[in-house]
Amino acid sequence: MSRFFALCAGIASALAAVPASAQELPPRGESVNVRDAFDAPRLARGFAALNRPTGIAEVGVGWLTLPGASVCAERSTGSGCKKGDTSFALDAWEIYRTNRRFAFGAGLLLGLIPTTDAPRSDPPGIVRDHSRSYLTLEGMIRHYPYVGESVELWWGITGGLAVVSDRFEVTGNQDLALVGQRGVTIRTEGGSIGLVGGAVFWLAPNWSLSTVLRYGNWFLPTTAAKDPLLDEASLTGRNTMFSLGVSLGYRIPL
C-alpha cells in the first residue's frame, strides 16, 4: 500500500512540472489559428503588434518639383515663359489606421520657396516683386502590403484641391502716392489626384520615421486669371508633380 501511495505522489509531481502551455493543447482534430498566435503580445513586436485602431499624426519636409510646368507671368504680351519649377515643401497629415493593412486620413502640402520666376514687364516707373507658393488639401487612402517588426511599407491614392498663389507687390517707389494695398494676390484653384508610397521605420513605441515619394497631377484652369496690371497666374492647365521627403510620425492606440 505504501508503494501505491508513493507511485501516485510521483505521478502528481510529474504533472505539476508540465508547462501550462502544454496542458492547454487544443482537443484532437482542432487546428491552431496561426494569426491569433502571431497577435499574442509575447510574439508580436513593433509594427506587427499594431492590431487595434490607431491615430497617427505626421509632419514632414521635402522637395517638390513640377518638371513640365510652363511658368509664365505675362503670356499675352509675349514676355516669355520658363520651363519647370522646384520648391522646398512642408506637409502634415492626420491618419486613422483601422488595422494593420488599411488607413485613411487627410492633410496638406505647402510649397513655400519656388525657385523659378517667370520674366515680366513692369509698368514704367514701378518696380515690383513676384512670389509664388503652392498648396494642396487632400484626402488619402493607404494600404500596407508589408508589416514587419521594425519596418513597414505602404502605398496609397490621394485626391483633393490644389492652389497656386501668385503675389505681386510694389517694392521701392516710396515717393509715389499709392492708393490701397501695395500688392495683389492671384489664386488659381483646381483639382489634384495622385499616387503616394513610403517606408516607415520604428523609432520607439509611439514614434516612427518615414520616407515618402509622391506623384500627382494638378488640373488648373486653362485660362489664366489676371490682376489690374494685367499680370497673369503663373500656372495653367494640367501640371505633373513629384515630391520626395521625410516625415516624423506619432501614434496613439485608440
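1. Concerning the overall build of the protein
Next up, step 1: Within the protein, the regular secondary structure consists of 3 helices and 8 strands.
Next up, step 2: Secondary structure elements of the protein, listed N to C terminal, follow the sequence α-α-α-β-β-β-β-β-β-β-β.
Next up, step 3: Out of the 254 residues belonging to the protein, those deemed buried represent 36%.
Next up, step 4: At a minimum sequence separation of 6, the contacts of the protein that also span at least 24 residues come to 69%.
Next up, step 5: Accessible surface for the protein amounts to roughly 14500 Å². Of this, 64% is attributable to carbon and sulfur atoms.

2. Considerations on the packing of aromatic side chains
Next up, step 1: By the definition in use, this model includes 5 aromatic pairs.
Next up, step 2: On the basis of an interplanar angle of 45 degrees and a centroid distance of 5.2 Å, the ring pair of Tyr215 and Phe242 is categorised as tilted. Taken together, the residues span a long stretch of sequence, with Tyr215 in strand β7 (residues 207-219) and Phe242 in strand β8 (residues 238-253) at a distance of 27 residues.
Next up, step 3: A relative accessible area of 33% places Tyr215 in the partly exposed class.
Next up, step 4: Positioned above the aromatic ring of Tyr144 is the side chain of Arg97, whose terminal nitrogen or guanidinium carbon lies 3.7 Å from the ring centre.
Next up, step 5: Positioned over the ring face of Trp154 is Arg142, at 3.8 Å from the centre of the ring.

3. Examining the side chain of Asn217
Next up, step 1: You can see Asn217 is positioned in strand β7.
Next up, step 2: Asn217 gets classed as buried once you look at its relative accessible area, which sits at 7%.
Next up, step 3: Of note is the side chain of Asn217, whose polar atom sits 3.1 Å from the side chain of Thr240.
Next up, step 4: Each residue touching Asn217, except ones within four places of it in the same chain, is listed here: Gly191, Ser192, Ile193, Arg238, Asn239 and Thr240.

4. Examining the confidence of the model for the protein
Next up, step 1: Scored by pLDDT, the protein has a mean of 82; 72% of the residues are at 70 or more.
Next up, step 2: The secondary structure element of the protein with the lowest average pLDDT is helix α2 (residues 20-23), at 46, and the one with the highest is β7, at 97.
Next up, step 3: Here residues 20-24 is modelled with pLDDT under 50, and outside its nearest four sequence neighbours on either side it reaches 2 contacts, counting other chains as well.

5. Things to note about the nonpolar core
Next up, step 1: Counting residues in hydrophobic clusters, the biggest one holds 15 residues, and the most contacted among them are Leu64, Leu66, Tyr134, Trp218, Leu235 and Met241.
Next up, step 2: Broken down by secondary-structure element, the contributors of at least two residues to this core are β1 (54-72) and β5 (151-170).
Next up, step 3: In terms of residue count, the dominant contributor to this core is β1 (4 residues).
Next up, step 4: Residue contacts for Leu64: discarding those within four places in its chain leaves Asp85, Thr86, Ser87, Ala89, Leu109, Tyr134, Trp218, Met241, Phe242 and Ser243.
Next up, step 5: If you look at the next biggest cluster of nonpolar residues, it comprises 13 residues, including Trp93, Tyr144, Val196 and Val200.

6. Observations regarding the state of the cysteines
Next up, step 1: This structure, assessed with the given rule, holds 1 disulfide.
Next up, step 2: What pairs with Cys72 in a disulfide is Cys81, and their sulfur atoms sit 1.7 Å apart. Around the S-S axis, the bridge from Cys72 to Cys81 shows a dihedral of about 115 degrees and counts as right-handed.
Next up, step 3: Accessibility expressed as a relative area gives 2% for Cys72, which makes it buried.

7. Comments concerning the side chain of Glu152
Next up, step 1: Counting through the fold element by element, Glu152 comes out in strand β5.
Next up, step 2: By relative accessible area, Glu152 is classed as buried at 3%.
Next up, step 3: A distance of 3.0 Å separates the side chain of Glu152 from the side chain of Arg97, its partner in a polar contact.
Next up, step 4: Those residues in contact with Glu152 that sit more than four places away from it in its chain are Phe47, Arg97, Tyr144, Tyr146, Val147, Gly198, Ala199 and Val200.

Quick notes on the rules
Here the residue numbers are simple positions, counted from 1 along each chain's written sequence. Local features are withheld for residues below a pLDDT of 70 in this predicted model, meaning they are given only at 70 or higher, and side-chain atom pairs are given and counted only at 80 or more; totals for whole chains, interfaces and linings count all residues. With hydrogens and water set aside, each side-chain value is computed from the structure's full complement of heavy atoms. Only runs of H or I of at least four residues qualify as helices and only runs of E of at least two qualify as strands under DSSP, and these elements are numbered from the N terminus. Here the term buried applies to any residue with accessible area under 20% of the maximum for its type, exposed to any over 50%, and partly exposed to those in between, with areas from a 1.4 Å probe on protein chains only. The criterion used for residue contact is that any of the two residues' heavy atoms lie within 4.5 Å. Where accessible areas are quoted, they stem from the Shrake-Rupley method and a 1.4 Å probe; at the residue level, only the protein chains shown are allowed to cover. Only Phe, Tyr and Trp rings are paired, with Trp represented by its six-membered ring, and only when their centres lie within 6.5 Å; those with planes under 30 degrees apart are stacked, over 60 edge-to-face, the remainder tilted. Here, a charge over a ring is recorded when the distance from Lys NZ or Arg CZ to the ring centre is within 6 Å and its angle to the ring normal is within 35 degrees. Polar contacts, as counted here, are pairs of nitrogen or oxygen atoms within 3.5 Å of one another; within protein the pair requires one atom able to donate a hydrogen and one able to accept it, and residues that are adjacent in sequence qualify only if both atoms are side-chain atoms. Each residue carries a pLDDT score, the predictor's own confidence in it, on a scale running from 0 to 100. Each nonpolar core is a collection of buried residues, namely Ala, Val, Leu, Ile, Met, Phe, Trp, Tyr and Cys, held together in the definition by side-chain atoms within 4.5 Å. We call a pair of cysteine sulfur atoms a disulfide whenever their separation is within 2.5 Å.

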